[in-house]
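Listed here are the chains, written in short residue letters.
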Amino acid sequence: MAVLKGKGLNNYCFNYEKPYTLIKDFKFPLIRRKSLSQTIPNSLGGPEKEAWRCINYIANATEYDVNLIWDDLLRKNNVKNLHSRLHLNFVIPSNSYLTNMKTRAKVALVIHIYYEDEIQYCFEFAKNMPQTADVYITTPAKNLELVTKIFEQMHCNKLDIRIANNRGRDVAALFVTCKDVLESDYDYICCIHDKKSPQVGILFGANFRDLTFENMLQSKEYVENIIHTFDENPRLGYLGFPKMLGGPYWPVMYDSWAAESNFATTQQILDRCGIHNTIERNLPPIVYGNVFWCRPIALKPIVDLALEYNDFPEEPMAIDGTFSHGLERVVTYVAQSQGYYSGVAYT
């Protein structure tokens, strides 16, 4: 055990800091629960990966049922703490495949297109879905002809274009117009929408749009790799996109609750779902925005609410603090209540 002693090590608690080292190299039979779920000021912090490596080692190199660990972690901890301690960020290749095996998963793309001049942009990324995928498009009636003309070139298993009521925008388009899709037997679904964010200007709006599409649908290889990531991590239920940086988004980077009312609205939605997660005002969501990959089963409590357009605010909708903005933030807590952890995908 001499390796665990030495200069600079006296202030660290090894059964907290080094669970992977203890269990792998020293065959230590116990791990401290907090070592997998909580970050403390004295921690090695940011770059260490001991906690995540510990879980993977137990899953792959021992006969212990790692689901017992996940059940405990997901039942007792905040999404934010698990993301911070386990570093649930997935950096995924976009120009090479993680495996030569083609997925057998049943997948779908749900994409909402409001702006006519964004249709071609959305199509170029949608083409990166596997040809076995089903593609659902929601759009206002004014776009129907052009969307149909462009997306008829799509090579996919099924193309389904639906007229969406603009009340509730992309969020209602997903949870109301495409409720049946979320109830179907898909293994994984990518949910995304066009974006301009005119309230913050053309530059930031375009950058935000690129951030979402590039980290969800960057290339054919990238999409296959995301699917493989879900295949390889059966307790992964949700993958969001990285937070926007710069300008008006700096405050949201620090506190993604953003508007004060978003916390209360998220709590109210959880109450409606019958979910009693511990959410805290000082632990903001790891993601925001209605753009993600998911196992639809992880969002079942939201789908079961049977939301209607009347649940959403009429236009003109406020920039922040509405039911829609609460629904964007509630998804990771809902996924956790169903026994799944959430992460962030980075190309």
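Just above, that's the structure.
Note that the structure is a prediction, hence the values are computed from the model and not measured.

J.: Help me understand the overall build of the chain in this model?
T.: Helix and strand counts for the chain stand at 15 helices and 8 strands. A compact globule built from 347 residues should have a C-alpha radius of gyration of about 20 Å, and the chain, at 21 Å, falls within 12% of that. Its C-alpha atoms give the chain principal-axis dimensions of about 70 × 45 × 40 Å. Per-residue burial over the chain gives 53% buried out of 347 residues. Of all intrachain contacts in the chain linking residues separated by at least 6 positions in sequence, the fraction that spans at least 24 positions is 79%.

J.: Is there a simple way to explain the sheet that holds strand β2 (residues 107-112) in this structure?
T.: Strands belonging to one sheet form pairs held by backbone hydrogen bonds; the direction of such a pair is parallel or antiparallel. The sheet built from 8 strands is open, its strands ordered β1-β8-β6-β7-β5-β2-β3-β4 with mixed pairing. A single partner strand is all that each edge strand has here, and the edge strands are β1 (89-91) and β4 (158-163). On average, each strand axis in the sheet is tilted by 20° relative to the strand beside it, whichever way the strands run. Across 4 bridges, strand β6 (residues 236-240) lies against strand β8 (residues 341-346) in parallel orientation. Its bridge partner being in β8, Y238 is matched across the sheet by S342. Against the sheet, helix α8 (residues 169-177) engages β2, β3 (134-139), β4, β5 (188-193) and β7 (292-294), with an angle of about 140° to β2.

J.: Which parts of the structure should I look at to understand the layout of surface pockets?
T.: If you roll a probe as big as a water molecule over the atoms, it shows you where there is empty space left. Looking at the largest pocket, its volume works out to about 850 Å³. At 4 residues, helix α15 (residues 323-337) tops the list of elements feeding residues into the lining of the largest pocket. Split into classes, the residues belonging to the lining of the largest pocket amount to 16 nonpolar, 11 polar and 8 charged. Lining the second largest pocket are 15 residues, and of these I31, L36, I58, Y64 and I69 sit closest to its centre. With 4 residues, helix α4 (residues 66-76) is the largest single contributor of residues to the lining of the second largest pocket.

Rules behind the numbers
- Residues numbered from 1 in each chain as written.
- Predicted model: local features only at pLDDT ≥ 70, side-chain atom pairs only at ≥ 80, totals over all residues.
- Heavy atoms only, no water.
- Helix = DSSP H or I, 4+ residues; strand = E, 2+ residues; numbered from the N terminus.
- Rg over C-alpha atoms; globule rule 2.2 N^0.38 Å.
- Buried < 20%, exposed > 50% of the residue type's maximum accessible area, 1.4 Å probe, protein only.
- Contact = heavy atoms within 4.5 Å.
- Pairing = 2+ DSSP bridges.
- Axes fitted to C-alpha atoms, helices over the stretch in contact; angles between N-to-C directions.
- 1 Å grid on protein atoms, 1.4 Å probe; cavity = no way out; pocket = protein on both sides within 12 Å on 5 of 7 lines; lining within 4 Å.
- Points joined across faces, edges and corners; volume = space filled by probe spheres on them.
- Nonpolar A, V, L, I, M, F, W, Y, C, P; charged D, E, K, R; others polar.

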